[in-house]
Amino acid sequence: MSSCSKDGDGVVLFSVEDDKALGQKVAQETDSTYRAKGQLLEKSSNARAYTLLNQIVTRVLNSGQLQYRNEFPWDVQIIKDDQTQNAFATPGGHIYVYSGLIKFLDSEDQLAGVLGHEIAHADRRHTSRQLQQQYGISLLLSVLLGENPGQLAEIATGLGQLKFSRDFEREADEYSVVYLNGTNYYACDGAAGFFIKAEAQGQSATPEFLSTHPNPGSRIQDIQTKADQLGCRSRNTSNGSLNELKSLL
């Protein structure tokens, strides 16, 4: 395992190798947790659903805008839970999306936007920095060394409820637009469409995604402004793949 490095502020940060190693451990724990509940949609028996989802993810990953496109393993898993409208990412690029979120969305642009937001949390290393803040470096290193299985289980269980700072949320929103612009395919304000629909639902049915991703106040406007700057809001994307994906879940 590589040693930690210090940035200009003297803050100890995980190395990229540590991000990958921690992400691998957390992903394995997350998989086994949801598999035990019968909620992990297995790739072997849901090949078509994963083909459709991976097409969207791959377009975003290949936007030319990621720092760690080739360093992180990047995969996506579906958690079968229609009541939960959420998605989250481990360090190192393991993405989890709930069937409830996929079914909630109205367009493939929106799904690409939300996935872009989660990819940004991993690629901008928000997740590992937030975990460092919450648990401390030494505890995370002990998890990496396999010395703290109970703590690993707690981290894996809590990842879907991890609350990011407003700055991290703003940056993830912005990079969602940048990534979608780079696809030359998706209307790059897709994430805004999700937030608009979520707000319209009112408090009674607010997606869990919003409770774990604090609202900096002007998210929709900020996403649309960035999209206008890049001139990529008006692309017309077919929703055939999303509709087929929904029908398979």
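Relevant structure appears above.
The paragraphs below set out a description of the structure included in this document. (Residues numbered from 1 in each chain as written. Predicted model: local features only at pLDDT ≥ 70, side-chain atom pairs only at ≥ 80, totals over all residues. Heavy atoms only, no water.)

Right, let's talk about helix H6 (residues 137-144) for a bit. What H6 keeps buried is the set Ile137, Leu140, Ser142, Val143 and Leu144. Positive backbone phi, at 80 degrees, marks Gly146, one or two positions downstream of H6. (Buried < 20%, exposed > 50% of the residue type's maximum accessible area, 1.4 Å probe, protein only. Helix = DSSP H or I, 4+ residues; strand = E, 2+ residues; numbered from the N terminus.)

With respect to the element layout, Ala198 can be found in helix H9 (residues 190-201). A residue is classified by how much of its surface remains accessible, and Ala198, at 2% relative accessible area, is buried. Separated by 113 residues in sequence, Ala198 and Gln85 have C-alpha atoms that sit 10.0 Å apart.

Let's shift gears to the sheet that holds strand E3 (residues 40-41). The four strands lie next to each other as E3-E4-E6-E5, forming an open sheet whose pairing is mixed. Unpaired on one side and paired on the other, E3 and strand E5 (87-89) mark the two borders of the sheet. Both E5 and strand E6 (residues 94-98) contribute to a ladder of three bridges, which runs antiparallel. Bridge pairing links Ala89 to Ile95 in E6. Across the sheet, helix H4 (residues 108-123) is in contact with E5 and E6; its angle to E5 comes to roughly 25 degrees. (Pairing = 2+ DSSP bridges. Contact = heavy atoms within 4.5 Å. Axes fitted to C-alpha atoms, helices over the stretch in contact; angles between N-to-C directions.)

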